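# Understanding the architecture of this molecule
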Amino acid sequence: MPQYVFKCSVCDAIAELYRAMKDRANPVQCRECGEPMRQQLTLPSLIIDGTDPAFPTAAGKWVRDRMRRMDKEKKNMAEHGTYK
Ligand SMILES: [Zn+2]
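Residues numbered from 1 in each chain as written. Predicted model: local features only at pLDDT ≥ 70, side-chain atom pairs only at ≥ 80, totals over all residues.

In this section: the overall build of the protein chain. Counting its regular elements, the protein chain contains one helix and six strands. When the helices and strands of the protein chain are read in sequence order from the N terminus, they spell out β-β-β-β-β-β-α. Residues counted as buried form 4% of the 84 residues belonging to the protein chain. The long-range share in the protein chain, meaning contacts at least 24 apart out of those at least 6 apart in sequence, stands at 28%. (Helix = DSSP H or I, 4+ residues; strand = E, 2+ residues; numbered from the N terminus. Buried ≥ 20, exposed ≤ 12 C-beta atoms within 10 Å, placed from the backbone. Contact = placed C-beta atoms within 7 Å.)

Written out as C-alpha cells, the structure is:
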C-alpha cells in the first residue's frame, strides 16, 4: 500500500499514512487540531514542495530542467517528426 505524507494546513503537523488507492479521495483530519490535512508530494527521500521555503531551488530547478527538455522536444518534433 502506498505511503503518503499529509500536512495540516492550520498547525503544520505532519502525518505519514498508508492508504489504499480507494481511500485516496477521503479527507484526512489532523490529530492535533482536527482540521483537514493536505497530501504532500513525496519522493523516496525528498519532499519537493514549492511552497516550502526550504526547497525553493529544488522545485525551481526541476521546472527549469523540464522547460529546457520541452523546448528540445518541440525542436525535435519540428525537425524530425519525433520527440526523441
Ligand atoms: Zn492541525
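Next up on the list: the sheet that holds strand 2 (residues 14-18). Pairing is antiparallel across the open sheet formed by four strands, whose spatial order is 2-1-4-3. A strand with exactly one partner marks an edge of an open sheet, and here the two such strands are strand 2 and strand 3 (28-29). (Pairing = 2+ DSSP bridges.)

Moving on, we come to unusual backbone geometry. Positive phi is not limited to glycine here, since D12 has a value of about 65°. In this fold, D12 is placed in the loop between strand 1 (3-8) and strand 2. A tally of 9 C-beta atoms within 10 Å means that D12 is categorised as exposed.

All right, on to the pairing of strand 4 (residues 36-40) then. Where strand 1 and strand 4 come together, four bridges link them in antiparallel fashion. Within strand 4, the residue paired with K7 across the bridge is R38. Pairing analysis gives two bridges linking strand 3 to strand 4, with the strands arranged antiparallel. The partner of V28 across the bridge, within strand 4, is M37.

Next up on the list: the confidence of the model for the protein chain. On average, residues of the protein chain score 81 in pLDDT, and 79% of them reach the 70 mark or higher. Across the protein chain, strand 3 holds the top mean pLDDT of 92, while strand 6 (residues 46-47) sits lowest at 54. (pLDDT = per-residue confidence, 0-100.)

Attention now goes to the environment of P36. Take P36: it is sitting in strand 4. For P36, a count of 12 C-beta atoms within 10 Å corresponds to the exposed category. Put simply, P36 and V10 are 26 residues apart on the chain and 8.3 Å apart in space, counted from C-alpha to C-alpha. Filtering out sequence-adjacent residues up to four positions away, P36 remains in contact with S9, P27 and Q29.

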